[in-house]
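Single-letter residue listing:
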Amino acid sequence: MNHKEALKAPIFKTISEAAELLGAECYVIGGFVRDYLLQRGNAKDIDIVIVGSGVQLAKTVADRLEGKPKVTVFKNFGTAMIKGDDLEVEFVGARKESYDRNSRKPIVENGTLKDDQNRRDFTINALALSLAKNSFGDLIDPFAGLQDLENKCIRTPLEPGVTYSDDPLRMLRAIRFASQLKFTIQKESLAAIAKHKKRLKIVSKERIVDELHKILASPKPSIGLSLLHKTELLPYILPELIALEGIEEIEGQRHKDNFWHTLEVVDNIAETTENLWLRWAALLHDIGKAPTKKFHKKIGWTFHGHEFVGSKMVYRLFKRLRMPLNDKMKFVQKMVLMSSRPIVLSEDYVTDSAVRRLVFDAGEHVEDLMTLCEADITTKNPRKQRRYKNNFQRVRNKIVEVENRDHIRNFQPPISGAEIMETFDLKPSREIGVIKEAIKEAILEGTIPNEYAAAKEYMKEKGIALGLSPKK
Ligand code: CTP
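Being a predicted model, the structure only gives us computed values, none of them experimental.

**Focus: the environment of Glu451**
No. 1: Its location among the elements puts Glu451 in the loop between helix 23 (430–445) and helix 24 (452–465).
No. 2: A relative accessible area of 48% places Glu451 in the partly exposed class.
No. 3: Taking C-alpha positions, Glu451 is 8.6 Å from Asp406, a pair spaced 45 residues apart along the chain.

This is the structure in structure tokens:
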């Protein structure tokens with residue numbers, strides 16, 4: 001089969017000519033070919049394999065390109081890369097390769113195209129298109145990868161145990177591709193992943209997190225997450241989630257299975273937002289429920305304070321996975337901490353002051369918080385489902401109304417500390433903080449509007465009540 005039309009970009013012709021000059025066979029392989037055949041849009045990462053030296057080919061190509069771009073050489077791997085404005089081309093020499101069992105470091109030997117295809121992770125990633133002049137665009141598919149693409153199947157070129165123990169990261173890649181592409185992992189492959197799960201220990205946290213991000217970013221993340229559960233990889237990655245699994249019953253009272261509930265919440269939120277960190281918040285919003293679970297004879301199961309405990313757990317989890325402890329982490333913590341606030345609100349009559357407090361505490365993230373809470377509705381009872389949704393809509397409407405009137409978001413105190421000092425002729429002291437806090441409280445409660453004149457009047461009253469007297 002020929003796929004010349006995949007190779008319309010001028011770079012392929014340049015590579016083809018360079019390879020001819022070197023008298024070597026050369027192919028485009030891997031993700032680019034797979035995504036082209038799946039019509040997944042234009043891949044920007046191009047992997048080139050040459051039966052010869054990847055570094056030499058990269059240099060020859062760069063010489064023939066306008067502006068002679070820089071070639072970055074990775075000596076240890078014998079590979080080279082050229083980065084363009086919107087393209088990244090990686091050149092490798094075809095190799096026979098096996099990995100050191102204890103590190104993921106490859107032991108490399110030169111090989112043929114077939115050797116190189118053998119050592120790749122999946123049949124759908126081993127598809128190659130020829131770049132030779134007389135066979136330009138011919139598909140080389142020794143493992144029926146094309147058929148696997150059609151059947152939506154993830155299969156390894158070699159016996160799965162060999163491919164996965166060569167590089168255990170591939171266990172996660174299999175699951176990630178299944179989630180991204182909605183493919184099924186072949187039975188033997190799945191069994192091999194479960195069997196080799198302990199080998200995940202040699203994979204770096206950064207690589208694990210990369211794959212987790214991709215699973216979470218996929219259209220239906222529960223596909224990947226439930227595969228992580230099924231293959232028992234999840235306890236090595238996110239034990240906090242596994243701790244949520246199961247339903248306990250005491251005296252006829254049960255609680256829901258918070259693990260499977262969480263997966264539904266993540267799928268729900270994936271339908272409404274692409275925000276990766278909000279998806280993380282959905283994944284972690286209930287993790288505090290395992291350590292806080294209690295049974296009380298009178299009221300049944302409770303998870304008192306799980307939001308607070310959960311938000312503390314977020315920090316430890318991010319740290320363990322070497323994820324950034326930055327504003328993204330703080331955002332996830334905040335979402336977990338506040339995850340029950342709108343629910344409590346919506347169950348009651350929604351007062352203006354409660355909404356002002358919600359907007360004040362959530363600040364610029366109030367919409368994200370509402371999105372999370374709406375995704376948290378997983379009841380199968382259509383009547384309840386409708387009621388909850390309507391309640392949240394009421395809260396949303398009220399947020400808009402209160403916002404238009406009171407401008408609480410990104411609240412700035414209408415009276416500064418300096419003005420309080422000036423008014424009462426004070427030195428820096430505790431009273432200033434007390435008055436500022438009282439003004440903020442009065443605004444949130446609705447005692448006074450969020451306006452300068454009203455706040456100034458209130459400041460005077462408060463100061464006098466504290467025994468201060470305004471300057472004449
Ligand atoms: N590969 C592999 N084993 C790995 C990683 C990569 O065999 N652990 C091979 C596959 O043939 C893959 C190619 O290297 O197609 C390029 O890898 P990479 O760029 O990481 O992935 P892509 O398949 O291009 O997919 P994506 O960009 O979605 O990650």
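Here the narrative resumes, following the displayed structure.
**Looking at helix 16 (residues 306–320)**
No. 1: Between its first and last C-alpha atoms helix 16 spans 20 Å; for 15 residues at 1.5 Å apiece the expected length is 21 Å, and the two agree.
No. 2: For helix 16, every residue scored as buried is listed here: His306, Glu307, Gly310, Ser311, Met313, Val314, Leu317 and Phe318. Seen along its axis, helix 16 keeps its buried residues to an arc of 160°; they face one direction.
No. 3: Looking at the packing, one finds that the buried side of helix 16 touches helix 12 (239–242), helix 14 (276–284), helix 15 (289–292) and helix 17 (327–337).
No. 4: Two residues or fewer after helix 16 comes Arg322, characterised by a positive phi angle close to 50°.

**Structural notes on the environment of Asn326**
No. 1: The residue Asn326 is located in the loop between helix 16 and helix 17 in this model.
No. 2: Judged by its relative accessible area of 29%, Asn326 falls in the partly exposed class.
No. 3: Sequence separation between Asn326 and Ile247 is 79 residues, and the spatial gap between their C-alpha atoms is 35 Å.
No. 4: Of the polar contacts made by the side chain of Asn326, one reaches the backbone nitrogen of Lys328; its length is 2.9 Å.

**Quick look at the sheet that holds strand 2 (residues 45–50)**
No. 1: The 7 strands are arranged 3-4-5-2-1-8-9 in an open sheet whose pairing can be described as mixed. Edge positions in the sheet fall to strand 3 (71–74) and strand 9 (139–140), since each has one partner strand and no second.
No. 2: Summarising the sheet, strand 8 (residues 128–130) and strand 9 pair through 2 bridges and their orientation is antiparallel. Each residue of the ladder has a partner; that of Leu129, found in strand 9, is Leu139.
No. 3: In the packing of helix 1 (residues 10–22) onto the sheet, contacts are made with strand 1 (26–29), strand 2 and strand 5 (88–93), and the angle to strand 2 comes to roughly 15°.

**Thoughts on the domain arrangement of the protein**
No. 1: Partitioning the protein into structural domains gives domain 1 (4–151), domain 2 (153–237) and domain 3 (417–465).
No. 2: A separation of 24 Å is found between the C-alpha centroids of domain 1 and domain 2.
No. 3: The interface is formed by 24 residues belonging to domain 1 together with 24 residues belonging to domain 2.
No. 4: With both sides pooled, the region where domain 1 packs onto domain 2 buries about 2100 Å², and carbon together with sulfur makes up 53% of that total.
No. 5: Our count for the domain 1 to domain 2 interface comes out at 2 salt bridges.
No. 6: Between Arg173 and Asp121 there is a salt bridge, with its nearest N and O atoms 2.8 Å apart.
No. 7: Counting across the interface, domain 1 meets domain 2 through 7 residue pairs in polar contact (both at pLDDT 80 or more).
No. 8: Among the secondary structure elements, those contributing two or more residues to the side of domain 1 that touches domain 2 are strand 6 (95–99), helix 4 (113–118) and helix 5 (145–151).
No. 9: Class assignment of the residues belonging to the side of domain 1 that touches domain 2 gives a composition of 7 nonpolar, 8 polar and 9 charged.

**Considerations on the packing of aromatic side chains**
No. 1: As enumerated under the stated definition, the model contains 8 aromatic pairs in all.
No. 2: With 6.0 Å between their ring centres and 40° between their planes, Trp277 and Phe318 make a pair best called tilted. One end of the pair, Trp277, is in helix 14; the other, Phe318, is in helix 16, and 41 residues separate them in sequence. The same class applies to Trp277 as to Phe318, namely buried.
No. 3: The structure contains a cluster of three or more aromatic residues connected by ring pairs, namely Phe122, Tyr164 and Phe177.
No. 4: Directly above the ring of Phe177 sits Arg176, whose terminal nitrogen or CZ lies 4.2 Å from the centroid.
No. 5: Positioned above the aromatic ring of Phe303 is the side chain of Lys289, whose terminal nitrogen or guanidinium carbon lies 5.1 Å from the ring centre.

**A few points about the pairing of strand 3**
No. 1: Relative to strand 4 (residues 79–83), strand 3 runs antiparallel, the two being bridged by 4 bridges. Across the sheet, Phe74 pairs through a bridge with Thr79, a residue of strand 4.
No. 2: Taking the residues between adjacent antiparallel strands as the criterion, strand 3 and strand 4 are bridged by 4 residues, where Gly78 takes a positive phi near 65°.

**Things to note about the side chain of Thr79**
No. 1: Counting through the fold element by element, Thr79 comes out in strand 4.
No. 2: The exposure class assigned to Thr79 is buried, which follows from its relative accessible area of 5%.
No. 3: Dropping the residues within four chain positions of it, Thr79 is found in contact with Val55, Thr72, Val73, Phe74, Glu90, Phe91, Val92 and Arg95.

**Quick notes on the site of the ligand**
No. 1: For the ligand, the set of nearby residues contains 13 residues, the closest of which are Arg34, Arg120, Asp121, Asp167 and Arg170.
No. 2: The backbone of Gly31 places a nitrogen or oxygen atom 3.3 Å from an oxygen atom of the ligand.
No. 3: Measuring from an oxygen atom of the ligand, one finds a side-chain N or O atom of Arg173 at 3.1 Å.
No. 4: Taken by itself the ligand offers 560 Å² of open surface, and the protein chains cover 78% of this.
No. 5: When atom positions are compared with the pocket grids, the ligand is found to occupy the largest pocket.
No. 6: Only helix 2 (31–37) and helix 7 (169–181) provide two or more residues apiece to the shell around the ligand.
No. 7: By residue number, the principal contributor to the shell around the ligand is helix 7, which donates 4 residues.
No. 8: Residues that form the shell around the ligand fall into these classes: 1 nonpolar, 3 polar and 9 charged.
No. 9: When we break the shell around the ligand down by domain, the ones giving at least three residues each are domain 1 (4–151) and domain 2 (153–237).

Here is what the cut-offs are and how they apply
Residues numbered from 1 in each chain as written. Predicted model: local features only at pLDDT ≥ 70, side-chain atom pairs only at ≥ 80, totals over all residues. Heavy atoms only, no water. Helix = DSSP H or I, 4+ residues; strand = E, 2+ residues; numbered from the N terminus. Buried < 20%, exposed > 50% of the residue type's maximum accessible area, 1.4 Å probe, protein only. Expected span 1.5 Å × (residues − 1). Arc of directions from axis to C-beta. Contact = heavy atoms within 4.5 Å. Polar contact = N/O pair within 3.5 Å; in protein donor to acceptor, adjacent residues only side chain to side chain. Pairing = 2+ DSSP bridges. Axes fitted to C-alpha atoms, helices over the stretch in contact; angles between N-to-C directions. Domains from an automatic or database assignment. Buried area = accessible area lost by both parts, 1.4 Å probe. Salt bridge = Lys/Arg side-chain N within 4 Å of Asp/Glu carboxyl O. Nonpolar A, V, L, I, M, F, W, Y, C, P; charged D, E, K, R; others polar. Phe/Tyr/Trp six-rings, centres within 6.5 Å; stacked < 30°, edge-to-face > 60°. Lys NZ or Arg CZ within 6 Å of the ring centre and 35° of its normal. Near = heavy atom within 4 Å. Areas by Shrake-Rupley, 256 points an atom, 1.4 Å probe, with all protein chains shown as cover. 1 Å grid on protein atoms, 1.4 Å probe; cavity = no way out; pocket = protein on both sides within 12 Å on 5 of 7 lines; lining within 4 Å. Sits in = over half its atoms within 2 Å of the grid points.

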